[in-house]
Amino acid sequence: MRILLVALFLLMGCDFLTAQKIDNMASFRAIKSENYFRFNYDNDYFTATDRNYTQGYSFEFVAPIFKKNPINYLFINANKSELTHGLSLEHNGYTPKHLNREIIQYGDRPYAAVIMLKNFAIAVDTLRKARFVSALSVGVIGPAAFGKEMQVGIHQATKNVIPLGWHNQIKNDLALNYELGYEKQLLRYRDFFALHSNSNLKLGTFVSNASIGFNTVIGKINSPFTTVKNNNKFELYVYTQPIITVVGYDATMQGGLLNDKSPYTISDSKIERFTTQFNYGIVLQTRKMYFEYSRVILSREFNAGMQAEWGGVKLGVKF
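Residues numbered from 1 in each chain as written. Predicted model: local features only at pLDDT ≥ 70, side-chain atom pairs only at ≥ 80, totals over all residues. Heavy atoms only, no water.

On to the environment of Asn-259. Mapped onto the elements, Asn-259 comes out in the loop between α2 (251-254) and β10 (274-285). The residues touching Asn-259, leaving out its near neighbours within four places in the chain, are Lys-171, Asn-172 and Asp-173. Here the side chain of Asn-259 touches Lys-261 through a polar contact of 2.9 Å, landing on its backbone nitrogen. (Helix = DSSP H or I, 4+ residues; strand = E, 2+ residues; numbered from the N terminus. Contact = heavy atoms within 4.5 Å. Polar contact = N/O pair within 3.5 Å; in protein donor to acceptor, adjacent residues only side chain to side chain.)

As C-alpha cells, then:
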C-alpha cells in the first residue's frame, strides 16, 4: 500500500532542513532584501556522473507584491516576525544509469521529470533567532514536464550520449505538496561562526518525508535573523549541512498517486526509508549580488540504488 505521508515533525526546537533537490530557503542562502531574483542550476555533470537526480533548475522571485497572494493564509505568520513572500518555478529530472538503452532498466531508478510552481513565505523572528518556512507547490510529474526535451537538447548541444529511454518515464500526474520548516540558532561567535539545527516536513502527492539536521557557517558572515535594512554588508563563507530524512513517499520512484499506468516504478518494499544527505558549499554576497557553488552527497534511495552526487550554482540580484 502506498504511503501518502509520514507524520513526523521532529525537533521543533531545531532549525529548518530539507532534503529536497533544490532548496533555496535554508538560512545560509538568505538574501536580506525585499526585492530579489535568484537562478539555481544543479547538474551531476559537476561530479562526473549522469544518473539519479541528473539536473534541476529554478527561478526565484521575492517582492512585496507577493504579500497580497491569497495563498499566504495557508502559511505561518509568527508574531513579531519579519515576513518575506516569493514565487519560484522549479524543474527537476531523474534518470537511470545507462542512458543509451531503450529498454526499461529494472532495478534502477525510472526516468522522471517534474515541474512545479512554488508559493513560499519565510517568517524571521529576530528576537528568538528563529525562522519559519511555509511553501505550497503545484505542478505536474510526467511527460508534460518536458524532461525528455530538456535533457536530449542539452546532450545534443554538448555532443554527449543521447538518452533513449524517456518513453519509459513516470506518467503524467498531479504534483501537489505542502512544506513546513523551522530553524533555530544554537550558537554564534561574532561574525565568524554560526551553528543552527534544522527540521522539515513535506506532505503531498509528490514527496512526503520528514528531515532533521544541522548547518554550520564559517567565514565573514551576517546574521540571517537581523532586519533587512541592517544586513546588507559583504559576506564570504563556507557552509556544511548534514541531513537525516525519513521517507514516506516519492513519486519520482513510485509513480504518481492518481495515475498507476507508469510502465515501471519502484515498489514500496524497495524504498530506503532512511536517507542521509551532506550539503556543502561556498557563498559570496555583496550589497547587490549573490553567488554560490554547492555540492551534495546523497545516500542510496532504494535497495538496488547507489549513492548520488551533484553540484550546483546560484546567481542572485538584489533590487
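On to the sheet that holds strand β1 (residues 36-43). Taken in spatial order, the 12 strands of this closed barrel run β1-β2-β3-β4-β5-β6-β7-β8-β9-β10-β11-β12, and their pairing is antiparallel. The mean inter-strand angle of the sheet, taken between neighbouring strand axes irrespective of direction, is 20°. Examined bridge by bridge, strand β8 (residues 207-220) and strand β9 (residues 235-250) share 12 bridges and lie antiparallel to one another. What sits directly across from Ser-208, in β9, is Tyr-249. Lying over the sheet, helix α1 (residues 147-157) contacts β1, β2 (52-62), β3 (81-95) and β4 (112-125), oriented at roughly 105° with respect to β2. (Pairing = 2+ DSSP bridges. Axes fitted to C-alpha atoms, helices over the stretch in contact; angles between N-to-C directions.)

We now examine the pairing of β4. By the criterion of burial, β4 is predominantly enclosed, with 13 of the 14 residues buried. In the sheet, β3 pairs with β4 via 14 bridges, with the strands oriented antiparallel. Directly across from Gly-93, in β4, lies its bridge partner Ala-113. Bridge count for β4 against strand β5 (residues 130-141) is 12 bridges, and the pairing is antiparallel. Across the sheet, the residue bridging to Met-116 is Gly-139, located in β5. Counted along the chain from β4 to the antiparallel partner β5, the turn is 4 residues long, and its residue Lys-129 has a positive phi close to 55°. (Buried < 20%, exposed > 50% of the residue type's maximum accessible area, 1.4 Å probe, protein only.)

Take the packing of aromatic side chains next. The full count for this structure, using the stated rule, is 12 aromatic pairs. Residues Phe-75 and Tyr-178 carry aromatic rings whose centres are separated by 6.5 Å and whose planes lie at 25° to one another, so their mutual orientation is stacked. Placement of Phe-75 in the loop between β2 and β3 and of Tyr-178 in strand β6 (residues 173-189) is noted, with a sequence separation of 103 residues between them. Between Tyr-111 and Trp-166, the aromatic rings sit 4.9 Å apart at their centres with planes inclined by 55°, giving tilted as the arrangement. Placement of the pair is Tyr-111 in the loop between β3 and β4 and Trp-166 in the loop between α1 and β6, with a sequence separation of 55 residues. As far as the burial class goes, Tyr-111 and Trp-166 line up, both buried. (Phe/Tyr/Trp six-rings, centres within 6.5 Å; stacked < 30°, edge-to-face > 60°.)

This paragraph deals with the confidence of the model for the protein. Counting all residues, the mean pLDDT for the protein is 88, and 89% of those residues have values of 70 or more. With pLDDT under 50 throughout, residues 1-20 is counted as low confidence; its partners more than four residues away or in other chains account for 91 contacts. (pLDDT = per-residue confidence, 0-100.)

A word on the side chain of Ser-223. On the secondary structure map, Ser-223 appears in the loop between β8 and β9. For Ser-223, a relative accessible area of 9% gives the class buried. In this structure the side chain of Ser-223 is engaged in a polar contact, spanning 3.0 Å, whose partner is the backbone nitrogen of Phe-225.

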